[in-house]
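Overview (structure and organization)
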Amino acid sequence: MTENASTATEVLERPDEQSREIRRLTVRGLLLQGGFNYERFQNLGFWWVMRPTLDRLYPDPVDRAAAYQRHLVYFNTNPWVVGPIAGVTASMEEQRAKGATELNDEAINSVKVGLMAPLAGIGDSLIFGTIRPILAAVCAGMAIDGNIAGPIIFFLVLLAVQVLMRIGGTASGYRTGMQFFEKLSPAQIDQIKQGATIVGLAVTGALVATLLDVTTPWSYTSGEQTIALQDQLDLVLPALLPLIATLGVYVLIRRRVSPVWVLLGTLVVGLVLGYFGILA
Amino acid sequence: MTLWQAFLIALVVALAYLARRILGDPQIERPIILGPVVGLIMGDLETGLIVGGSLELIFIGAATFGGTAPPNVAIGAAVGTALSISAGQGVETALVAAVPAAVLGTFCELFAKTVCSFLVHRADAAAAQARGRTITGIIWIGNAIHFLAYFVPTFLVLQFGANALEGVLSALSDDVQNALNTSAALLPAVGFGILLSVLYNKALFPLFFAGFALAAFTDFTVIGVAVIATAIVIVIMRNRTPQAPSTPQSSALL
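Every value quoted in this text rests on a predicted model; they were computed, and no experiment measured them. (Residues numbered from 1 in each chain as written. Chains lettered and ligands numbered in written order. Predicted model: local features only at pLDDT ≥ 70, side-chain atom pairs only at ≥ 80, totals over all residues. Heavy atoms only, no water.)

**Brief notes about the overall build of chain A**
Counting its secondary structure elements, chain A contains 11 helices and 2 strands. Secondary structure elements in chain A, listed N-terminal to C-terminal, are α-α-α-α-α-α-α-α-β-β-α-α-α. Burial status across chain A gives 52% buried among its 280 residues. Restricting to contacts in chain A with at least 6 residues of sequence separation, those with at least 24 account for 69%. If you sum the accessible surface of chain A, you get close to 12,100 Å²; carbon and sulfur atoms cover 62% of it. Averaging the positions of the 21 positive and the 23 negative side-chain charges in chain A gives two centres separated by 4 Å. (Helix = DSSP H or I, 4+ residues; strand = E, 2+ residues; numbered from the N terminus. Buried < 20%, exposed > 50% of the residue type's maximum accessible area, 1.4 Å probe, protein only. Contact = heavy atoms within 4.5 Å. Areas by Shrake-Rupley, 256 points an atom, 1.4 Å probe, with all protein chains shown as cover. Lys, Arg positive; Asp, Glu negative; His and termini not counted. Charge placed at Lys NZ, Arg CZ, Asp CG, Glu CD.)

So this is what it looks like as structure tokens:
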């Protein structure tokens, strides 16, 4: 470092400096959704993640202002996968400050956008579509039995997954930089997402069959016998009514009916059908 | 419910939500976590656990995808748990109280995110002058808005909603009680339906029925189905070269 370090760009070459940078990006990534707004979503949070890097690389006020503005554009991804994006972006800013002129505002932003959408797809299907529902189903069952271990396991397992994703993601993004794109090809991203989707779909099917307790108390008389409709249904397909209810909700959501309305509608339908003894 | 209990519960809800903003989204605003915590504050951990677990199933698929506004599970869970314990009522009542609270709570998040949109322009102006401190300050003003958008309505509903709900519940007949139970049993279909639409993939959709059939016709648990599905995924992945042409994917998740 030279005498006029305060005004010169500091580029990180030593491994220990880089490790510290990776740690800082990882910890700062926790605040990604700070100041979340409908105009540009996580833009304020992403700026906050990048700020120390930008301050270090751009001591000149004009350059720094440009860098700040560069990272206040629209940003939105799954919060658990911000690590690789922050890592790649910091590494690109590093190259740019070193003199890589081809990394203009547009180039940096297009890499960010190119990463945030596919990674959000992975994060959403893997975390919210697969891991959390499986965990929730098991732990909710324990909680309903009055077992305090349910919520504790839920919290600890998700925490462990998150910590691993964040630490591993930032480090691999920062160290591989722009090549991260090649390392994670669209075909691979698709594969990970498909894998998560397969498990998620099968598990959702199992959830419907095991945890949705909707039956009908209806019965009819045939000659001398009284036959319960539910018994007949069970002969055809066990858990038929839960399946119909779930597919009904699914069709409405696919037709872009707001989940809030579907929830209210289901509440009302349940009350009405229950009141008249059609469902129980 | 005492003033302090209402205050503490509102504080817990708002802090759990704030963790989504500034502590990496650790999912502590899920009903399975908030239920027992609210139960502790209300002096009935057991009911809190049961209500929290039941609400978790209802809202199992509810999550914020791409900035959409799902039902507010945090406020729903806290209000449902607290009001059912204070009214000395069962789980079904809690579930049915939680749904309207979750629906109304949707506006809390909408409100905060909309108000924060105005802050972005302040941040732009500060960025043009490289005033990092000002932008940081703006972010924290935004976080405070998010916090208050949860704290104030939750506190008000708990403080003034308990008496009203008790009045309604004491007037209910057995028929209505049955209707409540049915509704509570049906509600998890909403969570599962949302989950399905999140996972939507035309080519893979039959696997939903495979998982369903496996659990419906046999004694397979959710974990058992998950293990089998994971094993199949691993086999498929190994037999596929990474350069394999990608199949078209739904963009619903992006």
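**Points about the overall build of chain B**
Scanning chain B from terminus to terminus reveals 10 helices and 0 strands. Each helix (α) and strand (β) of chain B, taken in turn from the N terminus, gives the series α-α-α-α-α-α-α-α-α-α. A total of 254 residues make up chain B; the buried ones form 57% of that total. The contacts in chain B between residues at least 6 apart in sequence include a share of 75% that link residues at least 24 apart.

**Quick look at the environment of Gln 95 of chain A**
Residues and elements named next belong to chain A. Tracing the sequence through the fold places Gln 95 in helix H4 (residues 82-98). Residue Gln 95 is classed as partly exposed on the basis of its relative accessible area, which comes to 36%. Sequence separation between Gln 95 and Arg 175 is 80 residues; the distance between their C-alpha atoms is 12 Å. Apart from the residues within four sequence positions on either side, Gln 95 is in contact with Ala 100 and Leu 103.

**Quick word on the interface of chain A and chain B**
Contacts between the two partners involve 105 residues from chain A, matched on the other side by 111 residues from chain B. Across the chain A to chain B interface the summed buried area is about 9,700 Å²; carbon plus sulfur atoms make up 75%. If you sort the residues of chain A by the area they bury against chain B, Tyr 38, Leu 201 and Leu 263 of chain A come out on top, with a joint share of 8%. Put simply, chain A and chain B have 1 salt bridge between them. Across the pair Arg 40 of chain A and Asp 124 of chain B runs a salt bridge, and its minimum N-O distance is 2.6 Å. For the interface between chain A and chain B, the tally reads 19 residue pairs in polar contact (both at pLDDT 80 or more). Contributing elements (two or more residues each) for the side of chain A that touches chain B: helix H2 (43-57), helix H3 (61-70), helix H5 (105-144), helix H6 (149-176), helix H8 (186-211), helix H10 (240-254) and helix H11 (259-275) of chain A. Per element, the largest residue contribution to the side of chain A that touches chain B is 23 residues, and it comes from H8 of chain A. Here the residues of the side of chain A that touches chain B sort into 67 nonpolar, 27 polar and 11 charged. (Buried area = accessible area lost by both parts, 1.4 Å probe. Salt bridge = Lys/Arg side-chain N within 4 Å of Asp/Glu carboxyl O. Polar contact = N/O pair within 3.5 Å; in protein donor to acceptor, adjacent residues only side chain to side chain. Nonpolar A, V, L, I, M, F, W, Y, C, P; charged D, E, K, R; others polar.)

**A word on the domain arrangement of chain A**
On domain assignment, one finds that chain A holds domain 1 (1-209) and domain 2 (214-276). Here domain 1 of chain A and domain 2 of chain A have C-alpha centroids that lie 42 Å from each other. (Domains from an automatic or database assignment.)

**Things to note about the pattern of salt bridges**
A full pass over the atoms with the stated rule returns 17 salt bridges over all chains. One salt bridge in this structure joins Asp 16 of chain A and Arg 14 of chain A, with 3.1 Å as the shortest N-O distance. A relative accessible area of 40% means that Asp 16 of chain A is categorised as partly exposed. A salt bridge links Glu 109 of chain B to Arg 21 of chain B; the nearest nitrogen and oxygen atoms lie 3.9 Å apart.

**With respect to the nonpolar core**
In this structure, Ile 9, Val 13, Ile 135 and Tyr 150 of chain B are the most contacted members of the largest nonpolar core, which totals 83 residues. Looking at this core, the element that brings in the most residues is helix H6 (residues 132-170) of chain B, giving 13 residues. Here Ile 135 of chain B is in contact with Leu 44, Trp 47, Tyr 68 and Leu 72 of chain A together with Ala 123, Ala 126 and Ala 127 of chain B, once residues within four sequence places are set aside. (Core = buried A, V, L, I, M, F, W, Y, C linked by side-chain atoms within 4.5 Å.)

**What to know about the domain arrangement of chain B**
Each domain of chain B was delimited in the assignment, giving domain 1 (3-199) and domain 2 (201-241). The C-alpha centroid of domain 2 of chain B is placed 33 Å from the C-alpha centroid of domain 1 of chain B.

**Digging into a nonpolar patch on the surface**
Residues and elements named next belong to chain A. Judged by side-chain polarity, Ile 148, Ile 152, Phe 155, Leu 156, Leu 159, Val 163 and Ile 167 come together as a nonpolar surface patch covering roughly 570 Å² of accessible area. In this structure, Phe 155 sits in helix H6. Under the relative-accessibility criterion, Phe 155 is labelled partly exposed at 30%. (Patch = residues over 30% accessible without salt bridge, like charges linked within 9 Å, V, L, I, M, F, W, Y side chains within 5 Å.)

**Points about unusual backbone geometry**
Working note: non-glycine residues mostly have negative phi, and peptide bonds are mostly trans. The phi torsion at Ala 239 of chain A lies on the positive side, around 60°, for a residue other than glycine. Its location among the elements puts Ala 239 of chain A in the loop between helix H9 (229-236) and H10. By relative accessible area, Ala 239 of chain A is classed as buried at 15%. Phi is positive for Ala 130 of chain B, close to 55°, though the residue is something other than glycine. Structurally, the position occupied by Ala 130 of chain B is in the loop between helix H5 (91-128) and H6. Classification of Ala 130 of chain B by relative accessible area gives buried; the value is 17%.

**Observations concerning H8 of chain A**
Taking 1.5 Å per residue as the helical rise, H8 of chain A with its 26 residues ought to reach 38 Å, and the 36 Å between its terminal C-alpha atoms agrees with that figure. Taking burial as the measure, the 26 residues of H8 of chain A include 21 buried ones, the bulk of the element. (Expected span 1.5 Å × (residues − 1).)

**What to know about the UniProt feature "transmembrane region" (unreviewed entry) in chain B**
Residues and elements named next belong to chain B. Here, the residues flagged by UniProt with the feature "transmembrane region" (unreviewed entry) are residues 97-120, 140-162, 182-200 and 207-237. Secondary structure over residues 97-120 splits into 100% helix and 0% strand, and the C-alpha atoms at its two ends are 36 Å apart. Secondary structure content for residues 207-237 is 87% helix and 0% strand, and the end C-alpha separation is 16 Å. (UniProt positions renumbered as here; feature names shortened; annotations may be inferred.)

**Regarding the pairing of strand E1 (residues 219-222) of chain A**
Residue and element names in this part refer to chain A. Note: E1 against strand E2 (residues 225-228), 4 bridges, orientation antiparallel. In the sheet register, Ser 219 faces E2, and the bridge partner there is Ala 228. What sits between E1 and E2 in their antiparallel hairpin is a turn of 2 residues, with Gly 223 showing a positive phi close to 65°. (Pairing = 2+ DSSP bridges.)

**Thoughts on the packing of H5 of chain A against H8 of chain A**
Each pair of packed helices can be summarised by the angle the axes make with each other and by the distance between the axes. All names here are of chain A. Packing of H5 against H8 leaves a shortest axis separation of 9 Å and a crossing angle of 30°. With respect to their mutual orientation, H5 and H8 come out roughly parallel. Considering the relative orientation of H5 and H8, their crossing is left-handed. Only Ile 189, Ile 192, Lys 193, Ala 196, Thr 197, Val 199, Gly 200, Val 203, Leu 207 and Leu 211 of H8 make contact with H5, whose side of the interface consists of Pro 118, Gly 121, Ile 122, Ser 125, Leu 126, Gly 129, Thr 130, Ile 134 and Ala 137. For the contact of H5 with H8, the residue count by class is 12 nonpolar, 6 polar and 1 charged. (Axes fitted to C-alpha atoms, helices over the stretch in contact; angles between N-to-C directions. Parallel < 35°, antiparallel > 145°, perpendicular 65-115°, else oblique. Left-handed = near helix turned anticlockwise from the far one by under 90°.)

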